[in-house]
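Topology and contacts: notes
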Amino acid sequence: MNELTVRDILNLPFMDGYRLAAGASGLDNPVHFPNVYDIPHDAGDPVLDELTARHDFYLTALYYGKDNPDYIYSVMEWYLSIQASAVCIIDLYINELPEKVVRLCDEHRLPVIFISQQVPYSTVISNIIECKLSLERRRFVTNQLLALTSEHTAEKEKREIIRELNPSFSSHVIAFFCSGAEPLQQKMPSDKPLYYGITSLIAEYRDGILLAYSFHRKSDSQLRQATEEILAYLREQLPEIRIGISDTLPISQLGDAISQAFVAADSADFGQSASYSDLGVMRLLVSIQGHPAIQKYYQETIAPLIKYDKENHSQLFVTLCRFIENGADYKRTGAAMFLHENTVRYRINNLKEILNYGKSEVDFLETLSMIYKIHKLLTPSTHTSKEG
């Protein structure tokens, strides 16, 4: 989740029982701050431009609009002129919008919401600000995690990041990475975040959710029990996910644990888990992901393929990814992409003409698999581009 939206605010507990009167297509409008506008409206007043802010969530009782449809229309035009994110009306004086106002707000994607007069302005304002601060914290943590797993971050800086992420981390860590068919950010509620103890961390990471569980040394049986409890917790909170599990590492290697869990999740089926220790060649790639040879391969092989797709409006790269994910099976890949099997064959044959892969069919499949694995390792998202 990158920014606070109207939709996020409507999902907060204090908004229970709200009524959306217009502008349903604008629910993803970004919200900067809550604001209040209850003074008599004069569109010609030059002071208005100095007192108002754009992209705010405006609260009002519209007292001066009762029995005055033209006044309401004028106020909504003004809200549109300042690019308000939404208008939230306390149902004290009016509880319906004139039809022409509904049409105006629908056309310009301005959500107009009615809430009960029993909800104080202070409750609305404080809850929105708390939600915004929570999102900013989550964004900060996500950026810290990306830096922690980057080969460009110095070891000293990584140690500082680990301390900032959680000063209560214990000596060792196991990372669990959860991914779904779609990005999981919406599964991280801003008003009640997931939690698994003071020595752990749960955060958004690469379109999924990461749980870093730290502990002092445990016996093998204790560790297996803790792992099973965490898996049960994650599946209860986030159904139909796949979970990757890292090796047990010193907390100083938290970045490596995160990378291991991220890679392991990709080999699991939905509803299942996979351990990094059970992977094959991907373990080798993780261990050398910062090596110049990996970067060179990406720049010489993968980047040009992505560029080719962009310039030719083709879908070769995403087809490659789905082909590998579906066991190099043309029929399964076609079903997954809603394409005819022959379309998949055509695209794979195009890849043969574009890529340098050796001499045999085995060489070609190994090349596709390597491209897929390196791309998953080096890019910040678990989801490839639009399919079809």
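Here goes a summary of the coordinates provided.

Scoring rules and cut-offs
Sequence order sets the numbering: in each chain, residues are counted from 1 along the sequence as written. Local features in this predicted model are restricted to residues of pLDDT 70 or higher, and side-chain atom pairs are both shown and tallied only at a pLDDT of 80 or more, whereas totals for entire chains, interfaces and linings draw on every residue. Note that the side-chain values use all heavy atoms of the structure and ignore hydrogens as well as water. In this description, strands pair whenever DSSP reports at least two bridges between them. Put simply, DSSP marks the helices as runs of H or I at least four residues long and the strands as runs of E at least two long, and each gets a number from the N terminus on. Think of each axis as a best-fit line through the C-alpha atoms, taken over the contacting stretch in the case of a helix, with angles from 0 to 180 degrees between the N-to-C directions. Contacts were defined at the residue level, with two residues in contact if any of their heavy atoms lie within 4.5 Å. Only residues whose relative accessible area exceeds 30% and that form no salt bridge are eligible for patches; like-charged ones are grouped when within 9 Å, while nonpolar side chains (Val, Leu, Ile, Met, Phe, Trp, Tyr) are grouped when within 5 Å. In this description, accessible areas are obtained by the Shrake-Rupley approach with a 1.4 Å probe, and a residue is regarded as covered only by the protein chains that are shown. For this analysis, a salt bridge means a side-chain nitrogen from Lys or Arg found within 4 Å of a carboxyl oxygen belonging to Asp or Glu. Per-residue accessibility, obtained with a 1.4 Å probe over protein chains only, is compared with the maximum for each type, and a residue is labelled buried under 20%, exposed over 50%, and partly exposed between these values.

Turning next to the sheet that holds strand β3 (residues 57–60). With mixed pairing, five strands are arranged side by side in an open sheet as β1-β5-β4-β3-β2. The open sheet has two free edges, formed respectively by β1 (19–22) and β2 (34–36), since each of these has just one partner strand. Strand-to-strand twist of the sheet, defined as the mean angle between neighbouring strand axes without regard to direction, takes the value 30 degrees. In terms of strand pairing, β2 meets β3 through three bridges, oriented parallel. In the sheet register, P34 faces β3, and the bridge partner there is F57. Sheet strands in contact with helix α3 (residues 69–81) are β3, β4 (86–90) and β5 (112–115), and its direction is about 145 degrees off that of β4.

Bringing a nonpolar patch on the surface into the picture now. Taken together, the side chains of Y63, Y64, L92 and Y93 make up a nonpolar region of the molecular surface, amounting to roughly 380 Å² of accessible area. Here L92 is to be found in the loop between β4 and α4 (99–107).

All right, on to the pattern of salt bridges then. Going through the model one piece at a time under the given rule, you end up with 11 salt bridges. When the shortest N-O distance is used, the salt bridge between E136 and K132 registers 3.8 Å. Of this pair, E136 and K132 both sit in helix α5 (residues 121–148), separated by four residues, roughly a single helical turn. A residue is classified by how much of its surface remains accessible, and K132, at 17% relative accessible area, is buried. A salt bridge links E361 to K352; the shortest N-O distance between them is 2.9 Å. Taking relative accessible area as the criterion, E361 reaches 40% and is therefore assigned partly exposed. Accessibility expressed as a relative area gives 24% for K352, which makes it partly exposed.

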